[in-house]
Amino acid sequence: MFSRIQAGMSSTKKQATLAKFFSSMKRGVPESTAGTSPKKMKTTPPLTSTMGSDEKIDTTDRKTEHYDGKMATPDEKMEVETMATQPAEPVREPVIPKPVMRLALAKDKKEEGKILYSDVCKVFNEVENTSSRLSIVKLCSEFLYSVLNKTPRDLVPITYLFINKLGPDYEPGLELGLGEGLLMKTISESCGKSLAQIKAKYRELGDLGRIAQEARAVQPTMFKPKPLTTEEVFSNLQVIARAQGKDSQQRKVQLIKRMLTACQGVEAKYLIRSLESKLRIGLAEKTVLIALSQAILTYEHNGVEPSNDIVDAAEQKIRDAFCQVPNYEIVINTALEHGIMNLDKHCVLTPGIPLKPMLAKPSKSISEVLDRFQGQRFTCEYKYDGERAQVHLLPDGTMRIYSRNGENMTERYPEINISDFIANPAETHTLILDCEAVAWDKEQSKILPFQVLSTRKRKGVVAEDVKVRVCLFAFDILCYNDEPLINKSLAERRQYLERALKPVPGELQYASEVTTMNLEEMQSYLDQSVRDSCEGLMVKVLDGEESHYEPSKRSRNWLKLKKDYLQGVGDSLDLCVLGAYYGRGKRTGTYGGFLLGCYNQDTGEFETCCKIGTGFSDEMLQKLYEQLSPTEISEPKAFYVYSESAPPDVWFEPSMLFEVLTADLSLSPVYKAGSGIYDKGISLRFPRFIRIRDDKSVEDATSSEQVVEFYESQAHMK
Ligand SMILES: Nc1ncnc2c1ncn2[C@@H]1O[C@H](COP(=O)(O)OP(=O)(O)OP(=O)(O)O)[C@@H](O)[C@H]1O
Ligand SMILES: [Mg+2]
Ligand SMILES: [Mg+2]
């Protein structure tokens, strides 16, 4: 799907009359056009210190070595621009600057230069009413470009508002997701409607945002409120997310009310939706990243849209940087300081910042693996069935363990101390390891199944109370003494790993592996892995560029070979629970079945793909009822794509993923997965529940693109 966007983009851009000029820029961008030459910049206060709140983001451990929070002020930008327009090259075609989108800047003298929240909401509204992905990218990039021209420091908070987050995923306590009960109460109190009226309206509309907007529209006001600035809204949202303690509810309500009374037009709608943690305007994070790269690039090129090649390269640079340093503040500020094309030199792996882990592609048989890796040396590692653990040793000697989606899990494993496994502590200051944490039976010295691991508490674990021991199986090293190793071969990384660590049986071991190209040997190693309580094998290229570590990528250079596949069952899928059906008979009193959906990464929507009722124990159904019933909502979310013909009895907020296995995928008129590609949707036949996936967030659900891939590879087999 992604490639479709790119293809479309190229054809439009090809018409750009200034293409010739840009291609000359590509060869040699004059120093002065970079727009953000570090020499020209004074230090402006970091993002959060200017926010009108006492809550600040602690940026200290999130900065890269090279990041110092510098950004050009509008004046400085002008200065650079003036320089840039002086002829730097003897002959070139005239530069026609792109018009900057008009922004209503706050009028108050003190507020000068600040971007109003209403401007951001205007863009949200346009995006919501636009279906073409290309037009959405354009809308967003033009807006972000205007922001850069007016108030560059607002780019970070605005980017976060666009993706409906308040900071990096690894930063705890920045989730919003306020309950609808609290929001209904707040809307009712601040907009002069009774709670009953709001509830009735909610049953009708299913969208608290619209309700707030409509209620505000008819509310008489004595005087025109002072307009909200973006900065103010963003920092208030952070305060709300972080509020804790006994009167925190009250403080949240107060702040929301204060903002609501200042809302005009569509502002209330988006404010409420942001508080609910879902903007539902069909703007996926991937789209925002593309728009961001285009905006920064155009800014660097003084307002002229650069050529396709440059746009594509910049997009790649920003994506790569973000995979290594998933923090918009650092990536954006580094791009502004050093230029987007230099991101790779300045945005590098940093202990303390979890990079996005490399993922594997499923493979159906040993012979398929052999075909794929023909002529290359590869290794077969045990595929342990536990939880991914990215282990960081920080310069101050402390450690962090991050989950598959970058969540800080250090608290979950208090008994693990990475220093115990360092071969040479005097020489080793920092490192990043890729491991699988597996439940371990200390008495019998053997691996325990995943189900045992999942009984461990997630938070507030005390080392002395730990009953389920964990062994770390290290299979990769990504950074050693601040040196990124991801662009070294796996064979070389293994040498680093062996030099850095001193394994202790049952606590930290290297992943078992064998290097062979012999089919029988692979088969017997696979059988052995299963006997040793593993899921199968991970087969990885050992040498050359193909063996580099590719953050976040589902790569063909890592193939997973699970025992399930060999029995004719495909890889499991991780699907979001969107709704449920009441249980009957034995299942009365709990849900008896669930409606599941995959995630469309382009549209940000969940598309239904099956109903599931198999594989649940009675205890599990009880547990699911307890966990899911508080998330019931009276209407499906606007970002659920489903068929009216088989609605569930109840709908849920998206909060949980089920890992499921299926015998078969087929086209269906009732389900919607991948319906953007096929006329009909794809659905899972005879799905079976395996487990709850709590190490993935709902946006990490199996993507529609993957479902299409699964369907097509299966059709290919038949
Ligand atoms: N030797 C190994 N090398 C790499 N990963 C391993 C290894 N052993 C176990 N793993 C685990 O296997 C996972 C990949 O396979 P798995 O099918 O379990 O993926 P997943 O977590 O379900 O994610 P997805 O299905 O989205 O790829 C890795 O994320 C890692 O947690
Ligand atoms: Mg796994
Ligand atoms: Mg999986």
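What you are looking at is a predicted structure, and each value in this text was computed from that prediction instead of being measured. (Residues numbered from 1 in each chain as written. Chains lettered and ligands numbered in written order. Predicted model: local features only at pLDDT ≥ 70, side-chain atom pairs only at ≥ 80, totals over all residues. Heavy atoms only, no water.)

Here we take up the overall build of the protein chain. Counting its regular elements, the protein chain contains 23 helices and 22 strands. Residues classed as buried in the protein chain amount to 56% of the 718 residues present. For the protein chain, long-range pairs separated by at least 24 residues make up 76% of all intrachain contacts whose partners lie at least 6 apart in sequence. Element-wise, carbon and sulfur atoms account for 50% of the exposed surface of the protein chain, whose accessible area totals about 31200 Å². (Helix = DSSP H or I, 4+ residues; strand = E, 2+ residues; numbered from the N terminus. Buried < 20%, exposed > 50% of the residue type's maximum accessible area, 1.4 Å probe, protein only. Contact = heavy atoms within 4.5 Å. Areas by Shrake-Rupley, 256 points an atom, 1.4 Å probe, with all protein chains shown as cover.)

Moving on: the pattern of salt bridges. Enumeration over the complete set of coordinates arrives at 45 salt bridges. We note a salt bridge from E231 to K114, for which the minimum N-O separation is 3.6 Å. Here E231 is found in helix α10 (residues 230-242), whereas its partner K114 is found in the loop between α3 (74-85) and α4 (117-128), with 117 residues between them in sequence. Of the two residues examined, E231 and K114, each falls in the buried class. Across the salt bridge formed by D344 and K317, the nearest N and O atoms sit 3.0 Å from each other. On the criterion of sequence distance, the pair formed by D344 in helix α16 (residues 343-346) and K317 in helix α14 (residues 308-324) is long-range, its members being 27 residues apart. (Salt bridge = Lys/Arg side-chain N within 4 Å of Asp/Glu carboxyl O.)

What follows covers the packing of aromatic side chains. Counting across every chain of the model gives 29 aromatic pairs. Plain terms: the ring middles of Y599 and F606 are 5.0 Å apart, the flat faces sit at 50° to each other, and that makes the pair tilted. Over the aromatic face of Y496 sits the side chain of R499, whose NZ or CZ is 4.9 Å from the ring centroid. Here K611 stacks its cationic end above the ring of Y581, 4.3 Å away from the centre of that ring. (Phe/Tyr/Trp six-rings, centres within 6.5 Å; stacked < 30°, edge-to-face > 60°. Lys NZ or Arg CZ within 6 Å of the ring centre and 35° of its normal.)

Looking now at the site of ligand 1. Residues in close proximity to ligand 1 total 17 residues, the closest being R404, E436, R554, K560 and R693. At a separation of 2.9 Å, a nitrogen atom of ligand 1 approaches a polar side-chain atom of E381. R388 has a polar side-chain atom sitting 2.9 Å from an oxygen atom of ligand 1. Compared with its free state, where it exposes 600 Å², ligand 1 has 95% of that area covered by protein. (Near = heavy atom within 4 Å. Polar contact = N/O pair within 3.5 Å; in protein donor to acceptor, adjacent residues only side chain to side chain.)

A few words now on the nonpolar core. Core analysis: the largest hydrophobic core is formed by 101 residues, its most contacted members being F143, L144, F162, L271, L275 and I296. Among the domains, domain 2 (165-276) and domain 4 (573-712) are the pair contributing at least three residues each to this core. Leaving out residues up to four positions away in the same chain, L271 has contacts with Y117, V233, L237, M259, L260 and C263. The next biggest cluster of nonpolar side chains, apart from the first, holds 36 residues, and it includes Y384, W440, F475 and L559. (Core = buried A, V, L, I, M, F, W, Y, C linked by side-chain atoms within 4.5 Å. Domains from an automatic or database assignment.)

As a further point, take the sheet that holds strand β1 (residues 359-362). A sheet is described by the order of its strands in space; here 5 strands give the open sequence β1-β12-β11-β2-β10, paired in mixed fashion. This sheet does not close on itself; its edge strands, each paired only once, are β1 and β10 (513-514). Here 6 bridges tie strand β2 (residues 378-383) to strand β11 (residues 536-541), and the two strands are oriented antiparallel to one another. Paired with K383 across the bridge in β11 is G536. In the packing of helix α19 (residues 490-500) onto the sheet, contacts are made with β2, β10 and β11, and the angle to β2 comes to roughly 55°. (Pairing = 2+ DSSP bridges. Axes fitted to C-alpha atoms, helices over the stretch in contact; angles between N-to-C directions.)

Attention now goes to the packing of helix α5 (residues 133-150) against helix α13 (residues 285-300). For any two helices packed against each other, the geometry is given by the interaxial angle and the distance between the axes. It is at 8 Å that the axes of α5 and α13 come closest, and there the two elements cross at 45°. It follows that α5 is oblique to α13 by the angle criterion. Seen along the crossing, α5 lies across α13 with a hand that is right-handed. Residues R133, I136, V137, C140, S141, L144, Y145, L148 and N149 of α5 pack against T287, I290, A291, L292, Q294, A295, I296, T298 and Y299 of α13. For the contact of α5 with α13, the per-class residue count stands at 12 nonpolar, 5 polar and 1 charged. (Parallel < 35°, antiparallel > 145°, perpendicular 65-115°, else oblique. Left-handed = near helix turned anticlockwise from the far one by under 90°. Nonpolar A, V, L, I, M, F, W, Y, C, P; charged D, E, K, R; others polar.)

Attention now goes to helix α12 (residues 267-276). Among the 10 residues in α12, 10 count as buried, and that is most of the element. Buried within α12 we find E267, A268, K269, Y270, L271, I272, R273, S274, L275 and E276. S277 sits one or two residues past α12 and shows a positive phi near 80°.

Extensive coverage of strand β12 (residues 554-562) is indicated by the burial of 7 of its 9 residues. Pairing analysis gives 4 bridges linking β1 to β12, with the strands arranged parallel. Counted as the bridge partner of K361 is L559 from β12. Examined bridge by bridge, β11 and β12 share 5 bridges and lie antiparallel to one another. Across the sheet, the residue bridging to K540 is W558, located in β12.

Further remarks concern the environment of N125. Turning to its location among the elements, N125 is positioned in helix α4. Sequence-distant contacts of N125, defined by excluding residues within four places in its chain, comprise V266, K269 and Y270.

With a phi close to 70°, D482 is a non-glycine residue in the positive phi region. Mapped onto the secondary structure, D482 falls in the loop between β7 (469-480) and β8 (483-484). Since its relative accessible area comes to 46%, D482 is described here as partly exposed. With a phi angle near 50°, F686 is a residue other than glycine that sits in the positive phi range. Relative to the helices and strands, F686 is located in the loop between β21 (681-685) and β22 (688-692).

This brings us to the packing of α10 against α12. For the pair α10 and α12, interaxial distance at closest approach is 11 Å and the crossing angle is 35°. At the point where α10 passes α12, the crossing takes the right-handed sense. Packed against α10, whose contacting residues are V233, L237 and I240, the element α12 presents L271, S274 and L275 at the interface. Of the residues contributing to the contact of α10 with α12, the split by class is 5 nonpolar, 1 polar and no charged.

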